[in-house]
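What follows is each chain in one-letter form.
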Amino acid sequence: MAIESIVILTGAGVSAESGIRTFRATDGLWEDHKIEDVATPEAFDRNPRLVHSFYNERRKQLLSAEVRPNPAHHALAKLEKEFPGKVLLITQNIDNLHERAGSNNLIHMHGELLNLRCRESGVIYRVEEETQPEDLCQCCGSSGNLRPDIVWFGELPMSMERIYTELEQCDLFISIGTSGNVYPAAGFVEIANDTGALTVELNLEPSKVKSAFHQGFYGPASEVVTEFVADILKQV
């Protein structure tokens, strides 16, 4: 089977080895906060200061010297650079580790931690410093309109139309570091299967949708992703 187009989905398991705490792990990102207090539109309306504080802490962690891309991030950037066909990376992660490793063709379906969005205009602003509810928005001049550019529970993921189109056209779909618990991402493998793509899971352990994949390779992302990318590039 000739492979000309690759679509890759990455989840929290890719960033775990970089020191980013994962959503569903026992030491997970949300353990000290109820989801409904920090990750819903209603939470932001109810207590914007708490929500800003929560994401300020996440941003501070991401920008710390201890957090950096790991070999899995670098392997995926190498694949994009050296594979002669098309490589699209779709990530559920809100960190910037793929970009820092060198990936360019990238969709953040759940938003980005280093972005703020105006609730009135939709204009996006890059931010690395702490934010507060009273910060004035540059486009509307109002306070209270800037929110984290994150897809919260109850909101639709970003760029879904493009994602579905790319899945329907790919020859190889790879899911990396995902639990298989969160839809619509957990259903991407079925879309790729329906259009005849080879589907592969690379994970620390089998996901909830393991049986939907043609192949599965399990172990730390820094190892299995690096090895799998090397195998692909040997064949081109």
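To be clear, the structure that these remarks concern was listed above.
Because the structure is predicted, anything quoted here is derived from the model rather than measured.

How each quantity is defined
- Residues numbered from 1 in each chain as written.
- Predicted model: local features only at pLDDT ≥ 70, side-chain atom pairs only at ≥ 80, totals over all residues.
- Heavy atoms only, no water.
- Phe/Tyr/Trp six-rings, centres within 6.5 Å; stacked < 30°, edge-to-face > 60°.
- Helix = DSSP H or I, 4+ residues; strand = E, 2+ residues; numbered from the N terminus.
- Buried < 20%, exposed > 50% of the residue type's maximum accessible area, 1.4 Å probe, protein only.
- Lys NZ or Arg CZ within 6 Å of the ring centre and 35° of its normal.
- Core = buried A, V, L, I, M, F, W, Y, C linked by side-chain atoms within 4.5 Å.
- Pairing = 2+ DSSP bridges.
- Axes fitted to C-alpha atoms, helices over the stretch in contact; angles between N-to-C directions.
- Contact = heavy atoms within 4.5 Å.

What follows deals with the packing of aromatic side chains. On inspection of all chains with the given rule, the structure shows six aromatic pairs. Ring centres 5.7 Å apart and planes at 35° place the aromatic pair Phe44 and Trp152 in the tilted group. With Phe44 in helix α3 (residues 41-46) and Trp152 in the loop between β6 (146-150) and α7 (160-169), the pair connects residues that are 108 residues apart, well separated along the chain. Trp152 carries the same exposure label as Phe44, and that label is buried. Positioned above the aromatic ring of Phe54 is the side chain of Arg58, whose terminal nitrogen or guanidinium carbon lies 4.7 Å from the ring centre. When the ring centre of Trp152 is taken as origin, the NZ or CZ atom of Arg147, which lies over that ring, is 3.8 Å away.

Looking now at the nonpolar core. Judged by nonpolar contacts, the single largest core of 23 residues is most densely connected at Ile6, Ile8, Leu79, Ile174 and Val225. Breaking this core down by element, the ones donating at least two residues are β1 (5-10), α5 (71-82), β2 (86-91), β7 (172-176), β8 (198-203) and α9 (221-234). Among the elements that take part in this core, α9 stands out by supplying seven residues, more than any other. Residues Met109, Ala185, Ala192 and Ala197 belong to the second largest nonpolar core, which totals 19 residues.

Reading across from one edge, β3-β2-β1-β7-β8-β9 is the order of the six strands in this open sheet, with parallel pairing throughout. Lying at the two open borders of the sheet, with one neighbouring strand each, are β3 (106-108) and β9 (215-218). Across the sheet, the mean angle from the axis of one strand to that of its neighbour is 15°, orientation sign disregarded. Strand direction decides the pairing type here: β2 and β3, joined by three bridges, are parallel. Of the residues in β3, the one forming a bridge with Leu89 is Leu106. Against the sheet, α5 contacts β1, β2 and β7, and its axis sits at roughly 160° relative to β1.

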